[in-house]
Amino acid sequence: MTPIMITALGLLMVATAFLSGLFGMAGGLILIGVLLALMPLPAAMVLHAITQMASNGWRALLWRAHIRWRPVANYMVGAAIALSAWSLTRYVPDKPTALLMLGATPFMARLLPSNIKPDPDRLWQGTVYGTICMGLMLMTGVSGPLLDTFFLGGNFGRREKVATKSMCQLVSHFTKLIYFGGIVDQAGSLDPVLAGVAILASMLGTTLARRILEAMTDQQFIAWSNKLITTIACYYIAYGGWLFLRTPVLAAFTKGGLQ
């Protein structure tokens, strides 16, 4: 990449890490969409994993006193199961499929029946959520919106939610890095300079968000999170749908023009 592109990506990573620092999500959802548009899917997944590991790891360190470790351990069991299963097929989705799944993920979480109340402290529930979320992570690069439902049944304030989810996401993105960086046949590579920029930008954006998160109320946190995620999800559904339809539509126009 040119220095201008690296600088632009660095600024985007600061902004997306800032969003994730506020809401525990959204930033990664935006970033993976941009990366998928700029580079091959395996390379985009590797860079996204590095960026999100830095962002979530630094956020977990900043809020370490609020981490709930039992849900993290339960989630890790499910993540290990998903990685083992996916390693057997080494499946890599195409970009339209990844983008459509990316947009559908938040709505999948909202379709859960209201009487199903997850309990993050129960091993079997943590395992189920960990397996599903890790599968989505390997399909789309993110699982944040669905992972949010993992915490609905617990008594989590916004700080505990952000801190505990950050640890779960650190595990997920590390697993994604292993999968796309070494397990799949067309493993992605990464420019060391771009990796360094990604780590520094993610830490900066996360640090800048801390004071604002402290000032927010839990009600503001929930309201803004829902609005932001819905907007981003709708865009990716539209974008992924266009990529699916673009080839046959253009072919039909071309055929009509030639006739």
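Residues numbered from 1 in each chain as written. Predicted model: local features only at pLDDT ≥ 70, side-chain atom pairs only at ≥ 80, totals over all residues. Heavy atoms only, no water.

Trainee: Please set out the overall build of the chain residue by residue, giving values where relevant.
Mentor: In terms of helices and strands, the chain carries 10 helices and zero strands. Expressed as a percentage of contacts within the chain between residues at least 6 apart in sequence, the contacts between residues at least 24 apart total 84%. Of the roughly 12,000 Å² of accessible surface on the chain, 69% is carried by carbon and sulfur atoms. (Helix = DSSP H or I, 4+ residues; strand = E, 2+ residues; numbered from the N terminus. Contact = heavy atoms within 4.5 Å. Areas by Shrake-Rupley, 256 points an atom, 1.4 Å probe, with all protein chains shown as cover.)

Trainee: Give a detailed account of the pattern of salt bridges, specifying residues and quantitative values.
Mentor: Applying the stated rule across the entire model yields one salt bridge. A salt bridge links Glu160 to Arg68, with the shortest nitrogen-to-oxygen separation between them at 3.5 Å. Taken together, the residues Glu160 in helix H8 (residues 158-183) and Arg68 in the loop between helix H3 (41-62) and helix H4 (69-89) connect sequence positions 92 residues apart. Here Arg68 falls in the partly exposed class, since its relative accessible area comes to 22%. (Salt bridge = Lys/Arg side-chain N within 4 Å of Asp/Glu carboxyl O. Buried < 20%, exposed > 50% of the residue type's maximum accessible area, 1.4 Å probe, protein only.)

Trainee: So, the environment of Thr140: which residues are in play, and what are the values?
Mentor: Topologically, Thr140 is positioned in helix H6 (residues 123-140). Judged by relative accessible area, which is 0%, Thr140 ranks as buried. When the C-alpha atoms of Thr140 and Pro93 are compared, they prove to be 8.2 Å apart, with 47 residues separating the residues in sequence. The contact partners of Thr140, leaving out residues within four places of it in the chain, are Ile32, Met45, Ala98, Met101 and Leu102.

Trainee: Which residues make up helix H1 (residues 3-23), and what are the values?
Mentor: Because each turn of an α-helix spans 3.6 residues, side chains separated by three or four positions in sequence point in the same direction. Over its 21 residues, H1 extends 30 Å from the first C-alpha to the last, a length consistent with the 30 Å expected when each residue adds 1.5 Å. Among the residues of H1, those classed as buried are Ile6, Leu9, Gly10, Met13, Val14, Thr16, Ala17, Leu19, Ser20, Gly21, Leu22 and Phe23. (Expected span 1.5 Å × (residues − 1).)

Trainee: Please set out the UniProt feature "transmembrane region" (unreviewed entry) in the chain residue by residue, giving values where relevant.
Mentor: UniProt annotation of "transmembrane region" (unreviewed entry) refers to residues 29-51, 72-92, 128-147 and 225-245 when read in the numbering used here. Annotated as residues 29-51, this span is 91% helix and 0% strand, and its ends, taken at the C-alpha atoms, are 12 Å apart. Structurally, residues 225-245 is divided into 100% helix and 0% strand, and its ends, taken at the C-alpha atoms, are 30 Å apart. (UniProt positions renumbered as here; feature names shortened; annotations may be inferred.)

Trainee: Lay out the packing of H6 against H8 in plain terms, naming residues and giving numbers.
Mentor: Direction vectors running N to C along H6 and H8 enclose 50°, while the axes themselves pass 10 Å from each other. The angle between H6 and H8 falls in the class oblique. Judged by the twist between their axes, the crossing of H6 over H8 is right-handed. Contacts from Met134, Met137 and Leu138 in H6 reach Gln169, Ser172, His173, Thr175, Lys176, Tyr179 and Phe180 in H8. Of the residues in the contact of H6 with H8, the class split is five nonpolar, four polar and one charged. (Axes fitted to C-alpha atoms, helices over the stretch in contact; angles between N-to-C directions. Parallel < 35°, antiparallel > 145°, perpendicular 65-115°, else oblique. Left-handed = near helix turned anticlockwise from the far one by under 90°. Nonpolar A, V, L, I, M, F, W, Y, C, P; charged D, E, K, R; others polar.)

Trainee: Before we move on, can you summarise the packing of H3 against H8 with the specific residues and values?
Mentor: Running from N to C, H3 and H8 cross one another at 150°; their axes reach a closest spacing of 8 Å. By the angle class used here, H3 and H8 are roughly antiparallel. Note that H3 runs across H8; the crossing there is left-handed. Considering only residue class, the contact of H3 with H8 consists of 15 nonpolar, eight polar and two charged.

Trainee: A description of unusual backbone geometry should follow, citing residues and the corresponding values.
Mentor: Here the phi dihedral of Arg90 falls at roughly 55°; this positive angle occurs in a residue that is not glycine. With respect to the secondary-structure elements, Arg90 resides in the loop between H4 and helix H5 (95-110). Arg90 sits in the partly exposed class, given a relative accessible area of 41%.

Trainee: Describe in detail a nonpolar patch on the surface, supporting the description with residues and values.
Mentor: Together, Trp242, Phe244, Leu245 and Val249 make up an exposed nonpolar region whose accessible area comes to about 370 Å². Structurally, Trp242 is set in helix H10 (residues 218-258). Judged by relative accessible area, Trp242 falls into the partly exposed class, the value being 40%. (Patch = residues over 30% accessible without salt bridge, like charges linked within 9 Å, V, L, I, M, F, W, Y side chains within 5 Å.)

Trainee: Any chance you could break down H4 for me, citing the residues and the numbers?
Mentor: Taking 1.5 Å as the rise per residue, H4 with 21 residues should run 30 Å; its terminal C-alpha atoms sit 31 Å apart, in good agreement. Turning to H4, its buried residues are Pro71, Val72, Asn74, Tyr75, Gly78, Ala79, Ala82, Leu83 and Trp86.

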